[in-house]
Amino acid sequence: MHELKNKVSVIGVGNTRYGAFPELDEYGLAARAFRDAVADCGIDKNEIDGLVVCRIPYYARMGEVLGIDPRWTLTLPPHGRMSGIGIIEAVTALAAGHCKHVALMYANIGRSRRVNYGGDESPGTWDPWGMTSPGAAHAMMFRRHMELYGTTTRQLAEVSVAIRHHACLNPDAVMTKPITIDDHEAARPIVLPLRLLDYCLINDGAVCLILTLSERAGDFAKPPVRIAGFGAREQYRGSSIANFDINFWHDAVSDAGRQAYAMAGVSHGDVDALMAYDNFSPTVLFSLEGLGFCKQGEAGSFVEGGALKLGGRLPTNTDGGHLSNSYMQGWALNVEAVRQLRGECGARQVADCEVVQYVQATPCTRSIIYTRA
Amino acid sequence: MSSYAKPLPKLDPLNRPFWDHAREGRLAIQVCSACKDAHFPPSPVCPNCLSEDQEWQPVSGRGTLESWVEFHRAYWDGFKDDLPYNVCLVRLAEGPLLVSNLVGDAAKARLGAAVNVVFEQATDEVTLPKFALA
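Residues numbered from 1 in each chain as written. Chains lettered and ligands numbered in written order. Predicted model: local features only at pLDDT ≥ 70, side-chain atom pairs only at ≥ 80, totals over all residues. Heavy atoms only, no water.

S.K.: Where do I start with the overall build of chain A in this structure?
M.R.: Looking only at helices and strands, chain A has 11 helices and 11 strands in total. Principal-axis analysis of the C-alpha atoms places the extent of chain A at approximately 55 × 45 × 40 Å. Counting across all 373 residues of chain A, residues that qualify as buried make up 64%. When the accessible surface of chain A is summed, it comes to about 13200 Å², and 46% of that surface belongs to carbon and sulfur atoms. (Helix = DSSP H or I, 4+ residues; strand = E, 2+ residues; numbered from the N terminus. Buried < 20%, exposed > 50% of the residue type's maximum accessible area, 1.4 Å probe, protein only. Areas by Shrake-Rupley, 256 points an atom, 1.4 Å probe, with all protein chains shown as cover.)

Below, the structure is given as structure tokens:
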């Protein structure tokens, strides 16, 4: 994969407002994000000949709405782990010459459609025992982490508190009221040991990224951001317990991280900001351990004292993440990586930001390292 | 039993032996006749060697507690009266992981605690294997 190092750049990013938009649908949301990304880089939309759609019902309708006939299309299922997959697939499609400019779009109308996670009508394997919802699977992992390593819920709170702090600096974010560790501890229990503030938001919105080969990325309005490295590892064995891994995705995240660092030629100390998929707060701890920012079992102490906050040792999810900015299932975190490297983040800008890493610790683990051109 | 309001398993040719055994008070898992790999949930081929030649074998019912959680939200109405209720993760002595419920005093739950299977009838057709701290 090293031949793909820096081969592709992100030239445009866009997003809708985040919240509840019952008058729109996926196409309306995605079209707004697309228009925003097209304006961001100044590309002629008819130059876009590659299309990646995620959580959008029908790719052809999307193309019809945007008035484009691409040469290459990829449809991804509406799972949270698809953003990293989509971006890496777009890199390989561009490098292979399938297309010249790829627009990747994600839309979510789950809030207005009152989407619930858990309690499905069609029974899964473990439903008769009352086991349901991705949150419960993460609670199961975190309880195990507490037992094995002595991690505490007050340490877990550091994740939610730091990420909310960033949302308060982001004018686009859904949640903008500061929270404390005590607020986290007193929040409504959902599936203990997890409480309400450990759960991500469900809101409407859409995100778009536009990618092209780096050799032509300088022709657009904004400074390009390089995709310097990436890595991947699935974890399918044991997946009858959905969204669960008995060892916290550690092996998969380690593997994907090693690939990404080697390809990009950077290491932990070079990473100025981390964008860690935060469907639930424990995922951030598992990501830190898997990537090797600390040893396994030590993420609880790593995050203490506001380490993940802007100005801390590893600013993480500087847009407010899924927990407090927007439930864009990884896509918005990749947009934030680009904006940080461009220096567009205002009050939440990481100083001298040169390397940003994205990671999704999920059954399809991916990590992507972005750098300034 | 017709008033049972919690989710029931969808019985199919692959999983029916598990529920047939449970109704008779036995915990059984699928074992590959070719390579002896023991697995659950059941699989159409052995995940280890891909053989279709598999059988169901009763197991000891002994295991260790790998984790547990406490639900404070009822995702199905049938669980409302049980709140808060626990769900546990058990590693059977024979290898596979099982999701179930701890019966008795869950406050004594600890990682690695020994557990034994017990059976709770749900309907005429379905009996749920659950676990008690040893």
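S.K.: Please clarify how the overall build of chain B should be interpreted in this entry.
M.R.: Counting secondary structure elements, chain B contains 1 helix and 9 strands. Traced from its N-terminal end to its C-terminal end, chain B shows the element sequence α-β-β-β-β-β-β-β-β-β. Whereas a compact globule of 134 residues would reach a radius of gyration of roughly 14 Å, chain B reaches 16 Å, a difference of no more than 12%. When its C-alpha atoms are laid out on the principal axes, chain B stretches across 45 × 35 × 25 Å. In chain B, buried positions account for 47% of the 134 residues. Excluding contacts between residues fewer than 6 apart, the proportion of contacts in chain B whose partners are at least 24 apart in sequence is 52%. Mean positive and mean negative side-chain charge positions of chain B (13 and 17 charges, respectively) differ by 4 Å. (Rg over C-alpha atoms; globule rule 2.2 N^0.38 Å. Contact = heavy atoms within 4.5 Å. Lys, Arg positive; Asp, Glu negative; His and termini not counted. Charge placed at Lys NZ, Arg CZ, Asp CG, Glu CD.)

S.K.: Help me out: how do you make sense of the layout of surface pockets in this one?
M.R.: Where empty space is left in the structure can be found by rolling a water-sized probe over the atoms. Taken as a whole, the second largest pocket encloses approximately 770 Å³ of empty space. What lines the second largest pocket is a set of 24 residues, among which A:R237, A:G238, A:S239, B:H39 and B:F40 lie closest to the centre. A breakdown of the residues in the lining of the second largest pocket according to their chemical character gives 12 nonpolar, 8 polar and 4 charged. (1 Å grid on protein atoms, 1.4 Å probe; cavity = no way out; pocket = protein on both sides within 12 Å on 5 of 7 lines; lining within 4 Å. Points joined across faces, edges and corners; volume = space filled by probe spheres on them. Nonpolar A, V, L, I, M, F, W, Y, C, P; charged D, E, K, R; others polar.)

S.K.: How do you make sense of helix α1 (residues 16-23) of chain B when you look at a structure like this?
M.R.: All names here are of chain B. Among the residues making up α1, those that are buried are F18, W19, H21 and A22. Taken down its axis, α1 places every buried residue within 160° of arc, on the same side. On the buried face of α1, the contacting elements are β1 (28-32), β3 (54-58), β8 (114-121) and β9 (127-133). Following α1 by one or two positions, G25 has its phi on the positive side, about 80°. (Arc of directions from axis to C-beta.)

S.K.: Honestly, the nonpolar core in this entry has me stumped. Any pointers?
M.R.: Across soluble globular proteins, nonpolar side chains have a tendency to be buried as a group. A:M131, A:V191, A:L288, A:F293, B:F71 and B:F131 are the most contacted members of the largest nonpolar core, which totals 85 residues. Here this core gets 7 residues from one element, more than from any other, and that element is helix α4 (residues 134-149) of chain A. Apart from the residues lying within four places of it in its own chain, the contact partners of A:M131 are A:W126, A:A136, A:A137, A:M140, B:F71, B:W76, B:V87 and B:V99. If you look at the next biggest cluster of nonpolar residues, it comprises 47 residues, including A:V13, A:L211, A:M263 and A:M275. (Core = buried A, V, L, I, M, F, W, Y, C linked by side-chain atoms within 4.5 Å.)

S.K.: Explain the interface of chain A and chain B here, please?
M.R.: A common way to report how large an interface is uses the accessible area buried once the components associate. On the side of chain B, 35 residues touch chain A, which itself brings 32 residues to the contact. Buried area between chain A and chain B, summed over both chains or domains, comes out near 2800 Å², and the portion from carbon and sulfur atoms is 69%. In this structure, the connection of chain A to chain B is made through 1 salt bridge. A salt bridge links B:E66 to A:R144; its shortest N-O distance comes to 2.5 Å. Where chain A meets chain B, there are 14 residue pairs in polar contact (both at pLDDT 80 or more). Mapped onto the side of chain A that touches chain B, the elements with two or more residues apiece are α4 and β5 (189-192) of chain A. Per-element tally for the side of chain A that touches chain B: the top contributor is α4(A), with 7 residues. Among the residues making up the side of chain A that touches chain B, the classes are represented as 19 nonpolar, 8 polar and 5 charged. Here β5(A) pairs with strand β4 (residues 62-71) of chain B via 2 bridges, running antiparallel. (Buried area = accessible area lost by both parts, 1.4 Å probe. Salt bridge = Lys/Arg side-chain N within 4 Å of Asp/Glu carboxyl O. Polar contact = N/O pair within 3.5 Å; in protein donor to acceptor, adjacent residues only side chain to side chain. Pairing = 2+ DSSP bridges.)

So, to be careful, I would describe these as geometric facts and stop short of saying anything about function.
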